[in-house]
Amino acid sequence: MEMLSVKGLTKKYPSFTLREAAFTVEPGEIMGLIGRNGAGKSTTLKCLTGMVHPDGGEIAFFGLPLAGHELEIRQRMAFMSGTTDFYMRKKLRTITGTTKAFYPGWDEAAYRRYMERFRLDENKTPATLSAGMRVKYSLALAMSHHAELLILDEPTSGLDPISRDELTDLFLSLQREGVSILFSTHITSDLEKCADRITYIHEGRIMNSESLQDFRSRYRLVRMDGAVPEAWRPHLLGCKEAKHGFTALMERAWTEQLGVPSQEAALDDVMVHLEKEHDER
């Protein structure tokens, strides 16, 4: 059973349209939703969580259509936005007391374990916590009602590299406990550490949704110092100036067929060059 299934999801705004988005999140999987700022990541997640009403498409969680099953679904999943603040001057104890009233399946023992694990003090307020600790507190709340699926909008945005590394380690730990995670990000290095699959969105369109390894391995990074052989030109993607010469992507099959010297492309390399290629079309 898929944890999340999205088919033909559409949302129209005057200056932006999310077009026929489709992807799935499988049990025990970490899925990264990637794309540049304004590509449609947050719009997609807001449609999934009912914060905005889509104009078309189908959304199902745990095999249940979102329409007509919202209450049941909300008990089994959790959404967290990196831009959403708590009542910053309220103690965590007070926020927790309000939150748990909405979840009949609240597990107080689990909550205590997560608070201890994350070294969170209930007598503190969100205003006194770092951004990373506020994210951990959100996760503690989510896991205390045994959320099976976490949907996170830019959870690592604005965090320092050490805090981001701690969070990606935490995502892997939660995955080992059977939790599925869908999170949007434009920080592709975070996905390199923990994602199983990625869904790449560009200007409101899903361009790819597949395993991270398959997405990366389809391309190779080509570095060029001088004149580019004519046979290469039709197959170069997102050619851009580098400190010394130029870089571009090329599909692996063409590098092998043409004997093009190349190297493995990091996810960041793939994203930068594909975005440039799309922009130039």
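Here, the structure is the one placed above.
In what follows, the accompanying structure is described. Note that the structure is predicted; figures quoted are calculated from it, not measured.

Our focus in this paragraph is the side chain of Thr 24. Relative to the elements of secondary structure, Thr 24 occurs in strand β2 (residues 16–25). Polar side-chain contacts of Thr 24 include one of 3.2 Å to the side chain of Glu 26.

Glancing now at the packing of helix α5 (residues 131–144) against helix α6 (residues 161–176). In a pair of packed helices, the angle between the axes and the distance between the axes together describe the arrangement. Running from amino to carboxyl end, α5 crosses α6 at an angle of 10 degrees, the nearest separation of the two axes being 11 Å. Here α6 runs roughly parallel to α5, going by the angle between their axes. Here α5 runs over α6; the crossing is right-handed. Only Glu 166, Leu 167, Leu 170, Phe 171 and Leu 174 of α6 make contact with α5, whose side of the interface consists of Val 135, Lys 136, Leu 139 and Met 143.

Counted according to the given criterion, the structure contains 18 salt bridges. We note a salt bridge from Arg 93 to Glu 122, for which the minimum N-O separation is 3.2 Å. In this pair, Arg 93 sits in helix α3 (residues 92–100) while Glu 122 sits in the loop between α4 (108–117) and α5, placing the two residues 29 residues apart along the sequence. Given the relative accessible area of 42%, Arg 93 is considered partly exposed. Between Asp 165 and Lys 193 there is a salt bridge, and its shortest N-O distance comes to 3.4 Å.

Within soluble globular proteins, side chains that are nonpolar generally end up buried alongside one another. Within the largest apolar cluster, 47 residues are counted, with the highest numbers of intra-cluster contacts made by Leu 139, Leu 150 and Ile 181. Looking at which element gives the most residues to this core, the answer is α5, with 7 residues. Leave out the neighbours within four places in its chain, and Leu 150 touches Ala 78, Leu 139, Ala 142, Met 143, Leu 174, Val 179, Ser 180, Ile 181 and Leu 182. Counting residues in each nonpolar core, the second largest holds 26 residues, with Met 3, Leu 33, Ile 59 and Leu 149 among its members.

This paragraph deals with the packing of aromatic side chains. Geometrically, a pair of aromatic rings is defined through the distance of the ring centres and the angle of the planes. A full pass over the atoms with the stated rule returns 6 aromatic pairs. Considering the side-chain rings of Tyr 114 and Phe 118, the 5.8 Å spacing of their centres and the 45 degrees angle between planes classify their relative orientation as tilted. Consider the rings of Phe 171 and Phe 183, whose centres lie 5.3 Å apart with planes at 50 degrees: the pair is tilted. Of this pair, Phe 171 sits in helix α6 while Phe 183 sits in strand β8 (residues 180–185), and the two are 12 residues apart along the sequence. Accessibility assignment for this pair places Phe 171 and Phe 183 in one class, buried.

With that out of the way, let us pick up unusual backbone geometry. One non-glycine residue, His 146, adopts positive backbone phi at about 55 degrees. Positionally, His 146 belongs in the loop between α5 and β7 (149–153). Even without being a glycine, Glu 154 presents a positive backbone phi close to 50 degrees. For Glu 154, the location among the structural elements is in the loop between β7 and α6.

Reading the values: the criteria
- Residues numbered from 1 in each chain as written.
- Predicted model: local features only at pLDDT ≥ 70, side-chain atom pairs only at ≥ 80, totals over all residues.
- Heavy atoms only, no water.
- Helix = DSSP H or I, 4+ residues; strand = E, 2+ residues; numbered from the N terminus.
- Polar contact = N/O pair within 3.5 Å; in protein donor to acceptor, adjacent residues only side chain to side chain.
- Axes fitted to C-alpha atoms, helices over the stretch in contact; angles between N-to-C directions.
- Parallel < 35°, antiparallel > 145°, perpendicular 65-115°, else oblique.
- Left-handed = near helix turned anticlockwise from the far one by under 90°.
- Contact = heavy atoms within 4.5 Å.
- Salt bridge = Lys/Arg side-chain N within 4 Å of Asp/Glu carboxyl O.
- Buried < 20%, exposed > 50% of the residue type's maximum accessible area, 1.4 Å probe, protein only.
- Core = buried A, V, L, I, M, F, W, Y, C linked by side-chain atoms within 4.5 Å.
- Phe/Tyr/Trp six-rings, centres within 6.5 Å; stacked < 30°, edge-to-face > 60°.

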